[in-house]
Every structure is written in structure tokens, then in C-alpha cells.
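The primary structure of each chain is shown beneath.
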Amino acid sequence: MNIWIAIALTAVGCYVVKLVGLLVPAGALERPLVQRLAALLPAALLAALTAQQTFSMNGALVLDARAAGLGAAALALVLRAPFLVVVGAAVVVTAGIRAIGG
Amino acid sequence: MRDALGVGIAVGLSGFAFGVTSAGAGLSILQTCALSLLVFTGASQFALVGALAAGGNPFTAAAGAFFLGTRNAFYGLRLSQLLAVPRVMRPLAAHFVIDETTAVSLAQPTRRAARIGFTVTGLTLYVLWNLTTLLGALGAEAIGDTAAWGLDAAGPAVFLALLAPMLRTTTERIVAALAVVLGLGFLPVLPAGVPVLMAALAAPAVLWLQGRRTAGAEDKTAMTGDERTGR
């Protein structure tokens, strides 16, 4: 039930912010400070989510095979690899290290 | 055309990764597909299932996903001027206001081309995203233990790939670094889902500090009484 509540809240919330952009008169959201905040907010959230989903397990900080997988993804990004290769590298390296008992 | 193909393949793959991640996080196939059908903004969906998997309560989990989705409001603002969407069509068009449709529309030379680009990209990606989500969720059930296949690393890798192009300026890098410190630092002490919201504060905090620094510098150098200061 909790999952359905979360799904409903997210669906409504995400739809409303999409619609707001189309409905509000131009200028309301065009203040430079608001624009800059809107550009930086996703960067902050994505950075925190990346770190958390790599270095945590059940609310505790851990270092496991996923860290190596993310390292591989980062290397692929630096080498300007396409999206598929970036995600594939993370999955393959993580699975590989687990297979050899890491 | 090649761009469209590239965008399609990337979105299809993220859809598959999302289906697998969501099933691995303990959501049913129906719940996974409902997210892709109703939310249709990838990063928010990944964030939500990640927070639920970590044991977050539905409200903090949804709040993180919501804040990640707020960027779509700013896309909508640019698109409403560019496309001049008729009033009755806006509730329908809103569902397609995402990163990819915005990028394609903004790249078109005329309003007509932008409208076609928006509609075609939106419809194609919607179908593709939902089909691949279903395939991913079904695939995860067939695979069984998703962690043994390293698939729990797919979510963070998708986030990192989305984050990378946002780290061009020093400000963006400082915000991201601070968010990582806050997100990990608060993780052991606050309930699941809340640390991400604390990390989001990195954005206004850095902007505020920057504003103070530039305001201070302007006070010393230019005594013009410029009205724009601090606005």
C-alpha cells in the first residue's frame, strides 16, 4: 500500500510541475536566481543519489563491488562512451567482481 | 534523424534498466509499469524506487522524486513560448514535457518543425519507454537475483550519466561535491529518503554564498548603486 501511495504522489507531483511550466505566464519563473536554482537542483540530487545508491546498504555506508562498477562507468564517461557502454560497464564490472568473490 | 535514433536507443535502454531496477527494488510489475505510464520522467522514477528500496517512507521518497522533476517546469516554460500550444491541448502536451522532447524541440528551426519534433519524439519515447519498462520488469523476474548480475549498479550508472553533462562550471561541481558529502554524511543518522532532501540544499546554499561574495565584491569596486544588485 505504501508503494502505491508513493506512486500516486509522484505521478501527481511530477505531472503538476510539467503542466505549471506550460500554463504560467512567461516571466513568472524567469528571474535569474530561480533559473539558476532550477539548473543546480538536479545536479545536487543526482550527485547525492549516485553516491547513496553506490555506497549504502540498508541505511549503512558500505564499500562493495558497486563502487568498482561506478568507477568503470565514470571512466566510460570520461572517454565519451555512449550511454549503453556507460551503464553496461557498471553492470559487467560489478557482476564480474561479485563472481570472483569480491 | 540519427540523433532521434540515438535518443531512442538510449531511452529504450534506460527503460529496460528502470524495469529491472524497479523489480529488484521489490515493486510488482503492475507498480513498475504504472510509474512509467503515469510519471514518465526517468530520473524521478529511478529516485523513487531507489528510495523505496532503501526503506524510505512514501512521502520522503516521493518528495525526492518531485524535486528532481521540477526541472520539467522550466522546460515547459520554454516550450510554451516556442510551440504556442493551444490551451485545450496543454494538459495532454504536459505529460510529454521531459529532457529529450525539450532538447529536440529547441533544436528545430521553425515553430512547425518544433511542434512536429515535440509530438513525434514524445509519442515515440512514451511507447518505447513503457514497452522497455515492461520487458525489464519481466526480465528481472526471469533472472531472479538481480544483484548477482550486477544490475543494482545500473541505477547509479544512469544517474552518473545524467549528471556528467551538468558538471561544466565550477559552481556546478561544488554543488555536486557538497551534495555527495551531505547525502552520505546524513545517511547513517536520518531516516531513508531524508538525506537526499538535505543534499538538495547544496544548490541554494552555494548560490547564497556566491551571491554574498559577488555582492561584497561589487560593493568594493563599483559604487554605482546598481539596482540589479542582489536581484
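Source: prediction; values computed, not measured.

Caption draft 1: Region of interest: the overall build of chain B. Within chain B one finds 12 helices and 0 strands. Ordered by position in the sequence, the α and β elements of chain B form the string α-α-α-α-α-α-α-α-α-α-α-α. Taken along its principal axes, the extent of the C-alpha atoms in chain B is 70 × 55 × 30 Å. Within chain B, the proportion of its 231 residues that are buried is 47%.

Caption draft 2: Representation of the domain arrangement of chain B in the model. All names here are of chain B. According to the domain assignment, chain B contains domain 1 (2-166) and domain 2 (168-221). For domain 1 versus domain 2, the separation of C-alpha centres amounts to 26 Å. In this assembly, 12 residues from domain 1 lie in contact with 9 residues from domain 2. Per-element tally for the side of domain 1 that touches domain 2: the top contributor is helix H4 (residues 58-69), with 5 residues. When the residues that make up the side of domain 1 that touches domain 2 are grouped by side-chain class, the tally is 7 nonpolar, 5 polar and no charged.

Caption draft 3: Inspection of the UniProt feature "transmembrane region" (unreviewed entry) in chain A at higher detail. All names here are of chain A. Mapped onto this structure's residue numbering, the UniProt feature "transmembrane region" (unreviewed entry) falls at residues 6-25, 37-55 and 67-97. Strand forms 0% of residues 6-25 and helix 90%; the C-alpha atoms that close the span are 30 Å apart. For residues 67-97, helix accounts for 87% and strand for 0%, while the C-alpha atoms at its two ends are 10 Å apart.

The rules behind each value
Residues numbered from 1 in each chain as written. Chains lettered and ligands numbered in written order. Predicted model: local features only at pLDDT ≥ 70, side-chain atom pairs only at ≥ 80, totals over all residues. Helix = DSSP H or I, 4+ residues; strand = E, 2+ residues; numbered from the N terminus. Buried ≥ 20, exposed ≤ 12 C-beta atoms within 10 Å, placed from the backbone. Domains from an automatic or database assignment. Contact = placed C-beta atoms within 7 Å. Nonpolar A, V, L, I, M, F, W, Y, C, P; charged D, E, K, R; others polar. UniProt positions renumbered as here; feature names shortened; annotations may be inferred.

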